[in-house]
Amino acid sequence: MGRDGGTAGTDVDVIVVGAGLAGLYMLHRLRRAGFTVRVIEAGSGIGGTWYWNRYPGARCDVPSLEYSYGFDDDLEQDWEWTERYATQPEILRYLEHVADRFDLRRDIQLATRVVAATFDEVTSTWTVETDAGERRTARFVVAATGCLSSANLPDIPGRDSFEGPSYHTGRWPHEGVDLTGRRVAVIGTGSSAVQAIPVLAEQSAELVVFQRTATYTVPAHNGALPPAQQAEVKARYREVRAVNRESVVGFGATSVLGPPTAATADVAPAEREHVLAERWDQGGLAFLGAFTDTMTSAEANEVAAAFVRSKIHEIVDDPAVAELLSPTQVIGCKRLCVDSGYYATFNRPDVRLVDISSGGIEAITPTGVRANGEDHGVDAIVFATGFDAMTGALAKIRFAGVGGRALAEAWSEGPKTYLGLGVPGFPNLFLVTGPGSPSVLANMVTAIEQHVEWIAGCLEDLRAGGHERIEATPEATEDWVAHVNAVAGFTLFPSCNSWYLGANIPGKPRVFMPLPGFPPYAARCADVAAHGYEGFVLGPVR
Ligand code: NA7
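Here is a short report on the structure shown in this document. Note that the structure is predicted; figures quoted are calculated from it, not measured.

## Side note on the sheet that holds strand β12 (residues 351–355)
One open sheet accounts for 5 strands, arranged β7-β16-β8-β9-β12; its pairing is parallel. Two strands close off the open sheet at either side, each with one partner strand: β7 (166–168) and β12. Across the sheet, the mean angle from the axis of one strand to that of its neighbour is 20°, orientation sign disregarded. As paired elements, strand β8 (residues 183–187) and strand β9 (residues 206–211) share 5 bridges and run parallel to each other. Bridge pairing in β9 places Val-186 opposite Val-209. The strands touched by helix α5 (residues 191–203) within the sheet are β8, β9, β12 and β16 (380–383), with β9 carrying the most contacts at an inclination of about 160°.

Right, dumping it as structure tokens:
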């Protein structure tokens, strides 16, 4: 394919939508393979999630040494992380460094939103339209649009009547917000809220937290990354990345505790406590990996859940508040949170917890938030209400595939993909970490690298074979959707109202979207490629 413009007379070979972790690496990898690429990004800067989520306390809950690209030896050796869990500004600096280091910016168009993409069946090309009214053509489109990028601002009665400022954690003002001396409401108690609440409590005069569902969170025990530890990991980085690719969740290779070896039922109760306490003291998401059966056996899960509840009662002084903070759902069913002082924040006299589990928020008024018949006067509202996960960003683009069929229509009963990579009826469109792939159930960087490399390898193979078009078959897709459901059904994940199921968005079809288990998935993708892209139709041959 040509170096200026695309071979099909298109503007470029590939249009990539989004310049986050996925889009940046996709650009680099495709360029290295000789394709012409244009990345179109809605934000005014690169970084995706790490560009948008600037709320106080925002950081990653996967260790920084593992939440980083593994595709370039020099990059991973040169970059120095400062903390066990990197802050949002540090990750954004890292991505800026990557963009400069690999000279990516010249092919990235910022502050431009892709609004539509239409497939031309005669030429087998896509025409992409932007909010600036431009039209650009490409043989292929890669949607690197992110799993958690479409902010969910719930439609609460009176929402826009509030006279003070309101913020969504995923759209935090870049200039920062000074909440010193203000009375602040936080709506939501997911991961973003869990990170923001301890910091907001320090700043504000009074913090009122509206909790619909109590949250399990484990301590981060974050701190400076000891240079010796960083050097030790860097010395065996190839092995670390390889171990992560063989890990169910795509990370854990730098954890001192390692993967689980025993089922809960096979361990005596006193020893279980010891194992869980050791993980709690170590901190982080590895807590869920104490035993092999935590996400597959309700009894086993309850052992871990009860342990966290006992910790909440230990940490929180007021037993009634501790009880309200104690979740009842399966632990891990909603994504486990990692915190720095979350539960203890509720011991502060200036922090109040409002349980809205039965009635929700009744209204937002000009002066505050009304719940349980009571008005809570506040000066500012923070919506930590999450995202239209996994499909939200794709749904905002008017994709028109074969026969002009809209993606929204094809997915009206929930997303249907083959391998989370391809969609029948939408040839030459690839999704990075799409629904039906491990994505959010794995270290996002591990999942992204695997997808980017698979897609790039696929485009190289198509070029080598003279193919202009690739499309997932409906049969392979139906089988894949059934497979994802079967795997999810074997776990406890579908047992609560999580965003994995789309349950946080009113009216969204209830379908379990990510696929648990990274290694067998990656092996399957490799297999599909090795067998001539089984489950896809390739053609026509020029
Ligand atoms: P989450 O995890 O989706 O959390 C959103 C929170 O907001 C959660 O507690 C929700 O309660 C709550 N919520 C959502 N809508 C409402 C309404 N209408 N009223 C009251 N409360 C509401 O989003 P985060 O941004 O915290 O984290 C997303 C992911 O980003 C995280 O898992 C990491 O992977 C990174 P609910 O639980 O639905 O009852």
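## Some points on the side chain of Thr-145
As for its position among the elements, Thr-145 is in the loop between β6 (135–143) and β7. Ignoring anything within four residues of it in the chain, the contact list for Thr-145 reads Val-17, Ala-393, Leu-394 and Ile-397.

## Some points on the site of the ligand
Taken together, the neighbourhood of the ligand is formed by 18 residues, with Thr-189, Ser-191, Ser-192, Thr-213 and Lys-334 sitting nearest. With respect to the ligand, the backbone of Ala-384 contributes an N or O atom lying 3.2 Å from an oxygen atom. Trp-499 places a side-chain nitrogen or oxygen 3.4 Å from an oxygen atom of the ligand. When the residues that make up the shell around the ligand are grouped by side-chain class, the tally is 7 nonpolar, 8 polar and 3 charged.

## Notes on the sheet that holds strand β14 (residues 368–371)
Pairing within the open sheet is antiparallel, and its 3 strands lie in the order β13-β14-β15. The open sheet terminates on both sides in strands that have one partner only, identified here as β13 (363–365) and β15 (374–377). Going across the sheet, the axis of each strand differs from the next one's by a mean of 25°, ignoring polarity.

## Details of the packing of helix α8 (residues 269–282) against helix α9 (residues 298–315)
What describes two packed helices is the angle between their axes and the distance between those same axes. Between α8 and α9, whose axes approach to 11 Å, the crossing angle comes to 60°. Regarding the angle of α8 to α9, the classification is oblique. Read as a crossing pair, α8 and α9 show a hand that is right-handed. Listed contacts from α9 to Arg-272, Glu-273, Leu-276, Ala-277 and Trp-280 of α8 are Val-303, Ala-304, Phe-307, Val-308, Lys-311 and Ile-315. By residue class, the composition of the contact of α8 with α9 is 8 nonpolar, no polar and 3 charged.

## Description of the pattern of salt bridges
One pass over the structure, following the stated rule, counts 30 salt bridges. Arg-31 serves as the salt-bridge partner of Asp-107, at 2.9 Å between the closest nitrogen and oxygen. One end of the pair, Asp-107, is in the loop between α4 (88–101) and β3 (108–109); the other, Arg-31, is in helix α1 (residues 21–32), with 76 residues separating them in the sequence. Note on Asp-107: relative accessible area 18%, which makes it buried. Residue Arg-59 pairs with Glu-83 through a salt bridge whose shortest N-O separation is 3.0 Å. Taken as a pair, Arg-59 in the loop between α2 (49–52) and α3 (73–78) and Glu-83 in the loop between α3 and α4 lie far apart in primary sequence, 24 residues in all. Since its relative accessible area comes to 22%, Arg-59 is described here as partly exposed. Within this structure, Arg-31, Asp-103, Arg-106 and Asp-107 form a network of salt bridges that share partners.

About the cut-offs
- Residues numbered from 1 in each chain as written.
- Predicted model: local features only at pLDDT ≥ 70, side-chain atom pairs only at ≥ 80, totals over all residues.
- Heavy atoms only, no water.
- Pairing = 2+ DSSP bridges.
- Helix = DSSP H or I, 4+ residues; strand = E, 2+ residues; numbered from the N terminus.
- Axes fitted to C-alpha atoms, helices over the stretch in contact; angles between N-to-C directions.
- Contact = heavy atoms within 4.5 Å.
- Near = heavy atom within 4 Å.
- Polar contact = N/O pair within 3.5 Å; in protein donor to acceptor, adjacent residues only side chain to side chain.
- Nonpolar A, V, L, I, M, F, W, Y, C, P; charged D, E, K, R; others polar.
- Parallel < 35°, antiparallel > 145°, perpendicular 65-115°, else oblique.
- Left-handed = near helix turned anticlockwise from the far one by under 90°.
- Salt bridge = Lys/Arg side-chain N within 4 Å of Asp/Glu carboxyl O.
- Buried < 20%, exposed > 50% of the residue type's maximum accessible area, 1.4 Å probe, protein only.

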